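Results of the structural survey
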Amino acid sequence: MSLKRKQGPLYQQIQKILKDRILHGVYPLGSIIPSEPQLEKEFGVSKMTVRGAVQELSQEGYVQKKSGVGTIVMRNTSYQKLSKGKRFTELLVEAGHKLEKKLLDSKLVTNDPGTEEYSRYGPYCQRIERLYILNGQPYIHLTHFLTAAALPGGGTAEIGADIQSLYDSLEEKNIVLENFKDRFFVEQAPPEVCLLLALPPGTHVLVRLRNSYDGEGRLIEHSIGCYNTELHHYLVNYDT
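Residues numbered from 1 in each chain as written. Predicted model: local features only at pLDDT ≥ 70, side-chain atom pairs only at ≥ 80, totals over all residues. Heavy atoms only, no water.

1. Quick look at helix H2 (residues 36-43)
Note the threshold: Under the scheme applied here, a residue whose accessible area is under 20% of the maximum for its type counts as buried, over 50% as exposed, and between as partly exposed, the area being computed with a 1.4 Å probe on protein chains only. By definition, any uninterrupted DSSP run of H or I lasting at least four residues is a helix, any uninterrupted run of E lasting at least two residues is a strand, and each is numbered from the N terminus. The arc in question is formed by the directions pointing from the helix axis toward the C-beta atoms. A contact between two residues is defined here by any heavy atoms of the two lying within 4.5 Å.
Residues of H2 that are buried: Glu36, Leu39, Glu40 and Phe43. Along H2, the residues classed as buried sweep out an arc of 105° about the axis, all on the same side. Projecting away from the buried face of H2 at angles above 90 degrees are the exposed residues Pro37 and Lys41. Contacts from the buried residues of H2 go to helix H1 (10-23), helix H3 (47-59) and strand S1 (63-66). Positive phi appears at Gly44, one or two residues downstream of H2, with a value of about 65°.

2. Brief notes about the packing of aromatic side chains
As a reminder of what qualifies: Pairing of aromatic side chains here covers Phe, Tyr and the six-membered ring of Trp, requires ring centres within 6.5 Å, and sorts the geometry by plane angle: under 30 degrees stacked, over 60 edge-to-face, intermediate tilted. Here, over-ring charges are defined by two tests on the NZ atom of lysine or the CZ atom of arginine: distance to the ring centre within 6 Å, and angle to the ring normal within 35 degrees.
Per the counting criterion, the structure on display carries 4 aromatic pairs. Judged by centre distance (5.2 Å) and plane angle (80°), the ring pair of Tyr227 and Tyr234 falls under edge-to-face. The rings of Tyr139, Phe184, Tyr227 and Tyr234 are connected pair by pair, giving a single aromatic cluster. Its end group placed over the ring of Tyr62, Arg75 keeps NZ or CZ at 4.0 Å from the ring centre.

3. Quick look at the packing of H2 against H3
Threshold: Note on geometry: axes are lines fitted to C-alpha atoms, helical ones only across the stretch in contact, with angles between N-to-C directions running from 0 to 180 degrees. Every angle not falling under 35 degrees, over 145, or within 65 to 115 is termed oblique; those three ranges are roughly parallel, roughly antiparallel and roughly perpendicular. Crossing handedness is read from the near helix: turned anticlockwise from the far helix by less than a right angle, it gives a left-handed crossing, and turned clockwise, a right-handed one. Classification convention: Asp, Glu, Lys, Arg as charged; Ala, Val, Leu, Ile, Met, Phe, Trp, Tyr, Cys, Pro as nonpolar; all other residues, Gly among them, as polar.
Interaxial distance between H2 and H3 falls to 9 Å at its minimum, and their mutual angle equals 110°. In terms of their interaxial angle, H2 and H3 are classed as roughly perpendicular. Here the hand of the crossing between H2 and H3 comes out right-handed. Along its contact with H2, which presents Glu36, Leu39 and Glu40, the element H3 presents Lys47, Val50, Arg51 and Val54. Here the residues of the contact of H2 with H3 are counted per class, giving 3 nonpolar, no polar and 4 charged.

4. Some thoughts on the pairing of strand S7 (residues 204-214)
Formally: For two strands to pair, DSSP has to find at least two bridges joining them.
Of all 11 residues in S7, 9 are buried; the element is thus mostly enclosed. Note that S7 and strand S8 (residues 219-227) share 8 bridges and pair antiparallel. Within S8, the position partnered with Arg210 by the bridge is Ser223. The antiparallel hairpin formed by S7 and S8 contains 4 residues in its connecting segment, where Gly217 sits at a positive phi of about 85°.

5. What to know about unusual backbone geometry
A positive phi angle is found at Asn135, which is not glycine, with a value near 50°. For Asn135, the location among the structural elements is in the loop between strand S4 (124-134) and strand S5 (137-147). Not every positive phi belongs to a glycine, and Ala198 is a case in point at roughly 60°. Turning to its location among the elements, Ala198 is positioned in the loop between helix H7 (191-196) and S7.

6. Points about the nonpolar core
Filter applied, for reference: Nonpolar cores were defined as sets of buried Ala, Val, Leu, Ile, Met, Phe, Trp, Tyr and Cys residues, with membership established by side-chain atoms within 4.5 Å.
In this structure, Leu3, Ile14, Phe43 and Val45 are the most contacted members of the largest nonpolar core, which totals 19 residues. Those elements that provide at least two residues to this core are H1, H2 and H3. Per element, the largest residue contribution to this core is 6 residues, and it comes from H1.

Here it is in structure tokens:
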């Protein structure tokens, strides 16, 4: 896997990738992550870089090194402010599922004045399309629209397309999401979505529309998610 120096220190990029794999069940709770030589070969970096990444994970409580055994996954849930926005995927991982993310497309879009897109997102927005794969089968098709307020230069540039976590990336830019509004309904999936989810044409799916706002009430992200609930139902966990 290639890393990009412009996206920050290499050890931090590796740490984020490894943490994302833990949170999505690629490395299950109690499992041993790949050895340092394996990670060095995968990422094409030095031993010190890999050790720095693993040390960061250890300090956050995700892994623990045990002599003669290896580095063991000790925790697979996040403690971040945005955990409520990610709770669904965490519940799947806690239940023993493996969830992978595949980037399908990412591009900066110019919105024309007077259009609905301009009034909602601003003059620019970034469109990110992803496919979530549950235990080897396509499960969720997600399209995110990041508003100009979330992008570098007020929307004149886009964030990295190969980000591991959208919400983590926003948080690193000091954009804290304080409010989520979700709307659910069932409708026929578009033909291209049926194809990506390996569903027969015209299949009805669960659709989730999400608006995410910062502390000032500004819309930061709008997303459209299509879920193949025949593969797995949608989970909601309410804290008491």
